[in-house]
Amino acid sequence: MNITSKEIRLLARNSLQGKWGVSIGVIFITIILSIGVNFIPYIGYVISILLFPITVAVEWFFLSISRKENPAVDMIFTGYEQGNFARTLGTQLLRNIYIFFWSLLFIIPAIIKSFSYMLTNYLMKDYPGLKYNAAITLSRKIMDGNKGRAFILQLTFLGWALLCLLTLGIGFIFLAPYMNAANAHFYRIVKEEYFEKHPEEQLFEM
């Protein structure tokens, strides 16, 4: 039987115990950086692209949280380390380009593809040799038949998101770690299910 969204949220809450402070710190830093870019004239868009490795590493951070590890805030800058920068930047850029072209068809195909590609960054963390289209393709394979489960999981946070709006958005600093931890657990679950069904495609850490 597939694990439910409620059970995934429970796993997320359990893994965040004792780590709410550092998790909120990570979200706060990424928000400040994202907002700060908007105040840089002319080159703000270019700099926002250069922040892609941080976007990737934030998901790595919460994957570590989901595994009961003790990541530090500075983990969000590991995307800039040698061997990580090109593949995190390039893969994230390629994924966004794919989603953009799907959005030209209509918003629904773009949303569907967003769910198809949602495991890409986690896969790059677990398999350092995986990058670019290979990481995106494997995410799409694993998410085949799981996009509905992912959508329902996100939908369960809708009520919390609406409450956060009443706090003028401040509540999202607390909701974001919860959602990110839940997504990391979702990845771990569906990846394990996929390789149990397709052991011939099992990858190994490099």
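Definitions and cut-offs
- Residues numbered from 1 in each chain as written.
- Predicted model: local features only at pLDDT ≥ 70, side-chain atom pairs only at ≥ 80, totals over all residues.
- Heavy atoms only, no water.
- Helix = DSSP H or I, 4+ residues; strand = E, 2+ residues; numbered from the N terminus.
- Rg over C-alpha atoms; globule rule 2.2 N^0.38 Å.
- Buried < 20%, exposed > 50% of the residue type's maximum accessible area, 1.4 Å probe, protein only.
- Contact = heavy atoms within 4.5 Å.
- Areas by Shrake-Rupley, 256 points an atom, 1.4 Å probe, with all protein chains shown as cover.
- Expected span 1.5 Å × (residues − 1).
- Axes fitted to C-alpha atoms, helices over the stretch in contact; angles between N-to-C directions.
- Parallel < 35°, antiparallel > 145°, perpendicular 65-115°, else oblique.
- Nonpolar A, V, L, I, M, F, W, Y, C, P; charged D, E, K, R; others polar.
- Salt bridge = Lys/Arg side-chain N within 4 Å of Asp/Glu carboxyl O.
- Core = buried A, V, L, I, M, F, W, Y, C linked by side-chain atoms within 4.5 Å.

Engineer: What's the story with the overall build of the chain in this structure? I'm lost.
Structural biologist: Along the backbone of the chain there are 11 helices and zero strands. Ordered by position from N to C terminus, the α and β elements of the chain give α-α-α-α-α-α-α-α-α-α-α. Expected size for 206 residues packed as a compact globule is a radius of gyration near 17 Å; at 17 Å, the chain falls within 12% of this value. When its C-alpha atoms are laid out on the principal axes, the chain stretches across 50 × 40 × 35 Å. Across the 206 residues that make up the chain, the buried fraction comes to 43%. Across the chain, every contact between residues at least 6 apart in sequence was considered, and the portion connecting residues at least 24 apart equals 74%. Total accessible area on the chain is roughly 11300 Å²; 68% of this is exposed by carbon and sulfur atoms.

Engineer: Just to check I follow, could you spell out helix α5 (residues 85-105) for this structure?
Structural biologist: For α5, which comprises 21 residues, the first-to-last C-alpha distance of 31 Å matches the rise-based estimate of 30 Å (1.5 Å per residue) to within 8%. Taken together, the buried positions of α5 are occupied by Arg-87, Thr-88, Leu-89, Thr-91, Gln-92, Arg-95 and Ile-99. Turning to α5, the residues buried within the fold contact α3 (44-50), α4 (52-66), α6 (107-116), α7 (120-126) and α8 (132-143).

Engineer: What should I look at first to understand the packing of α6 against α8 in this one?
Structural biologist: Direction vectors running N to C along α6 and α8 enclose 100°, while the axes themselves pass 8 Å from each other. One element, α6, and the other, α8, form an angle in the roughly perpendicular class. Residue-level inspection shows Lys-113, Phe-115 and Ser-116 of α6 in contact with α8, the latter providing Ser-139, Arg-140 and Met-143. Residue composition of the contact of α6 with α8, by class: two nonpolar, two polar and two charged.

Engineer: Can you help me understand the pattern of salt bridges in this one?
Structural biologist: Note that side chains of opposite charge can pair when their charged atoms are close. According to the stated counting rule, one finds three salt bridges in the structure shown. Across the pair Asp-126 and Lys-191 runs a salt bridge, and its minimum N-O distance is 3.0 Å. Of this pair, Asp-126 sits in helix α7 while Lys-191 is found in helix α11 (residues 172-197), placing the two residues 65 residues apart along the sequence. By the burial criterion, Asp-126 is buried, and Lys-191 matches it.

Engineer: I tried to follow the nonpolar core on my own but got confused; where do I start?
Structural biologist: Looking at soluble globular proteins, one finds that nonpolar side chains tend to be buried together. Counting 47 residues, the largest nonpolar core has Phe-62, Leu-119, Leu-123 and Phe-186 as the members making the most contacts within it. Breaking this core down by element, the ones donating at least two residues are α1 (5-16), α2 (20-37), α4, α7, α8, α9 (147-155), α10 (158-166) and α11. Ranked by residue count, the leading element in this core is α11, at 12 residues. The contact partners of Phe-62, leaving out residues within four places of it in the chain, are Leu-16, Ser-23, Val-26, Ile-27, Pro-177, Asn-180, Ala-181 and Ala-184.

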